[in-house]
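# Results of the structural survey
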Amino acid sequence: MIVPAFRLASIAKVGLRAIARNKLRSTLTALGIIIGVACVIAMSAVAEGAARQVQSNIRALGTNSIMIFPGAVTQSGARIFTGHSTLTPEDVEAIRAECPSVAYAAAGARTAGQVVAGEANWSTEIFGTDVDWPLIRAWNTEQGSFFTEADVRAAAKVSVLGRTVADNLFPDGGAVGQIVRIRNVPFRVVGVFEKKGGSVMGGRDQDDQVVVPYTTVMKRLTGATRLSHVFVAAVSEDRIRQAMEEISALLRQRHRIGPGQDSDFMMRSQEEIASSAAETADTFKVLLASVAAISLLVGGIGIMNIMLVSVTERTREIGVRMAVGAKARHVLTQFLFEAVTLSVVGGAIGVGLGIASSAAISTIQGWPVAVRPESVALAFGFAALVGVAFGLYPAAKAARLDPIEALRYE
């Protein structure tokens, strides 16, 4: 079906005049498309922003990191934690010495307690580790410095504060060199970490902790002889899997676990966490996009409904046009043009509204958002497609009208 250019100009002029003649109805018809496109863009921006934030948090776990957790057993086909640890400081030393794919390894011992500084106090996590930990986590001190290997060997009463703890105990600054008490044990503050933000696992505030030598936690605070977990960093990203295999073989040998028996520990790598988070984010994106797409479909149904009403109202007009020489394809093109115009104009407005809504969500709620050009193009293209799809039937119905019957229509 080819319509000459001069015919197209005439059809466009008539179509625009018809749309302008019913301004309120045209606006309400386009509103469904506007809302649908805006929802698609805004929801996609929220989902993309959340995914990027999660990936950023995963990268904040450290470079090429691997986490080893204790007490894993198989019950009813599922691997679970028992709470019993078999990991020891000697295991960490062995991992450093005997696993060539491992760059750093750090012991971990956790507890919780009230930290007191003068009249201020703050309940937080007390995390014990050693000098490799900030290298694994790529976490620098903003003030002062991290404790030393000598502090670890001597179970020294020294601490490095997370930013949240430092701000609550020393709101005026100057935390380094001060004394804080943890379970009535005095600790000298040797450093304050730079701000890290929320954790990817559970959204926990990573800055809400006090880091001390793990030997100090075990000897002076808890009396434990086993580690709560171990942090490891592979020498490179492509050797993470090899490092995990080496660690698994070493720990199974040290813990005297025979062939076919379950390991008494579990390992998770940074790439596994990232992969799991990416799958969750993709599911979230599809869910939001599906909800938003429903708005576009509703808008398309609105266009079809209004165009069918328009065909009925303009039946005599169609008959007159056919009587003076207009062909079925001209009528089809005109009504299709009107439907597509409503959807395209609505889509353009929806794009602007969606981008503005994304910015407003980021400003008001503080959520990370990221508007991708692909989502804008997809939403706008889908809006135009909706105009064609839902405008085609009313246009075809108008084109099939019998001119004589149309002229008799009251």
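For the structure, check the block above.
So, how was this worked out
Residues numbered from 1 in each chain as written. Predicted model: local features only at pLDDT ≥ 70, side-chain atom pairs only at ≥ 80, totals over all residues. Heavy atoms only, no water. Helix = DSSP H or I, 4+ residues; strand = E, 2+ residues; numbered from the N terminus. Contact = heavy atoms within 4.5 Å. Polar contact = N/O pair within 3.5 Å; in protein donor to acceptor, adjacent residues only side chain to side chain. Axes fitted to C-alpha atoms, helices over the stretch in contact; angles between N-to-C directions. Parallel < 35°, antiparallel > 145°, perpendicular 65-115°, else oblique. Left-handed = near helix turned anticlockwise from the far one by under 90°. Nonpolar A, V, L, I, M, F, W, Y, C, P; charged D, E, K, R; others polar. Patch = residues over 30% accessible without salt bridge, like charges linked within 9 Å, V, L, I, M, F, W, Y side chains within 5 Å. Areas by Shrake-Rupley, 256 points an atom, 1.4 Å probe, with all protein chains shown as cover. Salt bridge = Lys/Arg side-chain N within 4 Å of Asp/Glu carboxyl O. Buried < 20%, exposed > 50% of the residue type's maximum accessible area, 1.4 Å probe, protein only. Phe/Tyr/Trp six-rings, centres within 6.5 Å; stacked < 30°, edge-to-face > 60°. Core = buried A, V, L, I, M, F, W, Y, C linked by side-chain atoms within 4.5 Å. Lys, Arg positive; Asp, Glu negative; His and termini not counted. Charge placed at Lys NZ, Arg CZ, Asp CG, Glu CD. Pairing = 2+ DSSP bridges. Expected span 1.5 Å × (residues − 1).

## Quick word on the environment of Arg181
If you trace the backbone, Arg181 turns up in strand E8 (residues 179–182). Residues Arg181 and Val115, 66 residues apart in the sequence, show an inter-C-alpha distance of 5.6 Å. Excluding anything up to four places from it in sequence, Arg181 contacts Gln114, Val115, Val116 and Pro186. A distance of 2.7 Å separates a polar side-chain atom of Arg181 from the backbone oxygen of Asn184.

## A short note on the packing of helix H3 (residues 89–98) against helix H8 (residues 240–254)
The contact between H3 and H8 brings their axes to 10 Å, and the two run at 135°. Relative to H8, the element H3 lies oblique. In terms of crossing hand, the pair formed by H3 and H8 is right-handed. Contact with H3, carried on its side by Glu90, Asp91, Ala94, Ile95 and Glu98, involves Ile247, Leu250, Leu251 and Arg254 of H8 and no other residues of that element. Grouping the amino acids of the contact of H3 with H8 by side-chain chemistry returns five nonpolar, no polar and four charged.

## Describing a nonpolar patch on the surface
Taken together, the side chains of Leu24, Leu28, Leu31 and Ile35 make up a nonpolar region of the molecular surface, amounting to roughly 390 Å² of accessible area. By secondary structure assignment, the location of Leu31 is in helix H2 (residues 23–59). Judged by its relative accessible area of 38%, Leu31 is partly exposed.

## Side note on the packing of aromatic side chains
According to the stated counting rule, one finds seven aromatic pairs in the structure shown. One aromatic cluster is present, built from ring pairs that chain together Phe127, Trp133, Trp139, Phe146, Phe147, Phe193 and Phe231.

## Here we look at the pattern of salt bridges
One pass over the structure, following the stated rule, counts eight salt bridges. For the salt bridge of Arg96 with Glu93, the shortest nitrogen-to-oxygen distance reads 2.7 Å. Taken as a pair, Arg96 and Glu93 lie in helix H3 at a separation of three residues, close to a single helical turn. You can call Arg96 partly exposed: its relative accessible area is 28%. Overlapping salt bridges, with partners in common, bring together Glu93, Arg96, Asp130 and Asp132 in one network.

## Things to note about the nonpolar core
Within the largest apolar cluster, 61 residues are counted, with the highest numbers of intra-cluster contacts made by Ile68, Ile95, Trp133, Val232 and Ile247. Considering every element that reaches this core, the biggest residue donor is strand E4 (residues 102–117), with seven residues. For Ile68, the contacting residues outside a window of four places in its chain are Leu87, Ile95, His229, Val230, Val232, Ile247, Leu251, Phe265, Met266 and Met267. Of all hydrophobic cores here, the second largest spans 16 residues; its members include Ile33, Val40, Ala339 and Val386.

## Quick notes on a positive patch on the surface
A surface patch of like charges, here positive, comprises Lys157, Arg181, Lys219 and Arg220. In this structure Arg220 comes out as partly exposed when scored by relative accessible area, which is 40%.

## Observations concerning the pairing of strand E12 (residues 265–269)
Residues Phe265, Met267 and Ser269 point to one face of E12 and are all buried, whereas Met266 and Arg268, pointing to the other face, are not buried. Where strand E1 (residues 65–70) and E12 come together, five bridges link them in antiparallel fashion. Looking at E12, one finds that Phe69 is bridged to Met266.

## Structural notes on H8
With 15 residues, H8 extends 21 Å between its outermost C-alpha atoms, agreeing within 8% with the 21 Å of an ideal straight helix rising 1.5 Å per residue. Of the residues flanking the end of H8, it is Arg256, one or two places downstream, whose phi is positive at about 55°.

## Some thoughts on the pairing of strand E7 (residues 158–161)
Burial of the side chains of E7 extends over both faces: Val158 and Val160 are buried on one face and Ser159 and Leu161 on the other. As paired elements, E7 and strand E9 (residues 185–193) share four bridges and run parallel to each other. Within the sheet, the bridge partner assigned to Val158 lies in E9 and is Arg188. Pairing geometry for E7 and strand E10 (residues 209–213), over two bridges, is antiparallel. Looking at the pairing, Leu161 lines up with Val210 of E10.

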